[in-house]
Structure formats: structure tokens, C-alpha cells
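# Structural overview for review
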Amino acid sequence: NLVFVDGIYLLLDKGDFAGIPDLFDLRVYLEAPTASILANLMDRHLRGGKSVEQAKDWVKRIDLPNARIAEATKVNADVIIQRNTEDDISEIRWPRETSHAPGAGPAAPDPAKTPPAQPPPPPTGSSETAASWDDFLASLCAFYRVSTSE
């Protein structure tokens, strides 16, 4: 099975969050330009009913400090996906070798399957189909030797 978990503090590995990153087989950090982050935060708050001044205040006092904490956690990511100002993927970085099990060394190769030497690239462009993403996720699971069966 493949389960995606999204959260701003999931890569934080201290305090009440110590050990949380080790629970995941693959840790992904999504990075975006600051201008895009600010625009998205403002839009969220305005759609939620805040005035412009209330939204600015909330972003300054709450969201930006949280974003700075989250940004510091990208060192715990196995892959960093960079988005550009159009929200397209502009870069994918694999900063360190990953293992498939928390706290384990590199997984032993399965002699029946030889994974690719590098993780597969994701589909690009807006014309990609859901099947392309399904293939990408299956390839990613194969690379990290994550079982997709129960």
C-alpha cells in the first residue's frame, strides 16, 4: 500500500516530533519560491474570511515562523522537489542515500528485480495522464523497494 501523509512538521526531528521522520519510507520536501508561498498564504486567509490586514498579520506572526521551521527540516528529506512561480516542478534533488526502512541501512537488493541506478523522474507538463503518475509512483516504489502489496 502507498500512503501519502502531508504536514508542515513531519520532517521535524526534535521535541514532541522526535522520531517522526523515521516513521516514513520516503520523505519528500516541497520547496517553492517565497513569493509563491506568500501569495498562497494570503489567498488562503482571504478566502477564509480574513481582511487583508488580518491576513497580513497572520502570515507575519504565524505562517512565516512556521515556514522557517519547516524549511530547516528539509535536511531530513530524501528528495526535495522545487516548484517554480507557475507551480510547475523545476528541479528534483536527491540529497542523500535513502533506505526503505526507518533506522535501517540500505536495503538488500532483490535478486529478482534490479532497481534503476537513480530514482525515476516524474511526469512533466500539464498533459500527463493519471496513468503516467501511477507508473511514476510504481517506479518510485520499486526504486525504494517499497512493497505495493498487502
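Residues numbered from 1 in each chain as written. Predicted model: local features only at pLDDT ≥ 70, side-chain atom pairs only at ≥ 80, totals over all residues. Heavy atoms only, no water.

## Examining the overall build of the protein chain
A count of helices and strands for the protein chain gives 3 helices and 3 strands. From first element to last, N terminus to C terminus, the protein chain shows the α and β order β-α-α-β-β-α. When each of the 150 residues of the protein chain is scored for burial, the buried share is 24%. Relative to all contacts within the protein chain whose residues are 6 or more apart in sequence, the contacts with residues 24 or more apart total 53%. Accessible surface computed for the protein chain: about 10,200 Å², of which carbon and sulfur atoms make up 55%. (Helix = DSSP H or I, 4+ residues; strand = E, 2+ residues; numbered from the N terminus. Buried < 20%, exposed > 50% of the residue type's maximum accessible area, 1.4 Å probe, protein only. Contact = heavy atoms within 4.5 Å. Areas by Shrake-Rupley, 256 points an atom, 1.4 Å probe, with all protein chains shown as cover.)

## A word on helix 2 (residues 52–72)
The end-to-end C-alpha distance of helix 2, which contains 21 residues, comes to 28 Å, matching closely the 30 Å that a straight helix rising 1.5 Å per residue would cover. Bending of helix 2 peaks at approximately 40° at the position of Val-59. Among all positions of helix 2, only Ala-55, Val-59, Asp-63 and Ala-70 are buried. As for helix 2, its buried residues are in contact with strand 1 (28–31) and helix 1 (34–47). (Expected span 1.5 Å × (residues − 1). Bend = angle between axes of the 7 residues up to and from the residue.)

## Things to note about the side chain of Gln-82
Here Gln-82 lies in strand 2 (residues 79–83). Look past the residues within four positions of Gln-82 in its chain and what remains in contact with it is Glu-31, Ala-32, Pro-33, Asp-88, Ile-89, Ser-90, Glu-91 and Arg-93.

## Things to note about the pattern of salt bridges
Following the criterion strictly, the structure yields 8 salt bridges and no others. Where Glu-31 meets Lys-74, a salt bridge forms, and the shortest distance between an N and an O atom there is 2.3 Å. Taken together, the residues span a long stretch of sequence, with Glu-31 in strand 1 and Lys-74 in the loop between helix 2 and strand 2 at a distance of 43 residues. By relative accessible area, Glu-31 is classed as buried at 11%. (Salt bridge = Lys/Arg side-chain N within 4 Å of Asp/Glu carboxyl O.)

## Some thoughts on unusual backbone geometry
Trans peptide bonds make up the majority, and among non-glycine residues the majority have a negative phi. Positive phi, close to 65°, is recorded for Asp-87, a residue that is not glycine. Along the chain, Asp-87 turns up in the loop between strand 2 and strand 3 (89–93).

## Here we look at the pairing of strand 2
Buried residues dominate strand 2, accounting for 4 of its 5 residues. Looking at chain direction, strand 1 and strand 2 are connected through 4 bridges and run parallel. Note that in strand 2 the partner of Leu-30 across the bridge is Ile-81. Hairpin geometry of strand 2 and strand 3 is characterised by an intervening segment of 5 residues between the two adjacent antiparallel strands and by a positive phi of about 65° at Asp-87. (Pairing = 2+ DSSP bridges.)

## With respect to the packing of aromatic side chains
Under the defined criterion, the tally for this structure stands at 1 aromatic pair. For the ring pair Tyr-9 and Phe-17, a centre distance of 5.2 Å and an interplane angle of 40° mean the geometry is tilted. The ring of Trp-58 carries the charged tip of Lys-50 above its face, separated from the ring centre by 4.6 Å. (Phe/Tyr/Trp six-rings, centres within 6.5 Å; stacked < 30°, edge-to-face > 60°. Lys NZ or Arg CZ within 6 Å of the ring centre and 35° of its normal.)

## Notes on the side chain of Ser-36
Relative to the helices and strands, Ser-36 is located in helix 1. When its relative accessible area of 10% is taken as the criterion, Ser-36 is described as buried. Each residue touching Ser-36, except ones within four places of it in the same chain, is listed here: Asn-84 and Thr-85.

## Section: the confidence of the model for the protein chain
Averaged over all residues, the pLDDT of the protein chain equals 76, while 63% of them reach at least 70. Segment residues 146–150: pLDDT under 50, and 7 contacts once partners within four positions in sequence are set aside and those in other chains are kept. (pLDDT = per-residue confidence, 0-100.)

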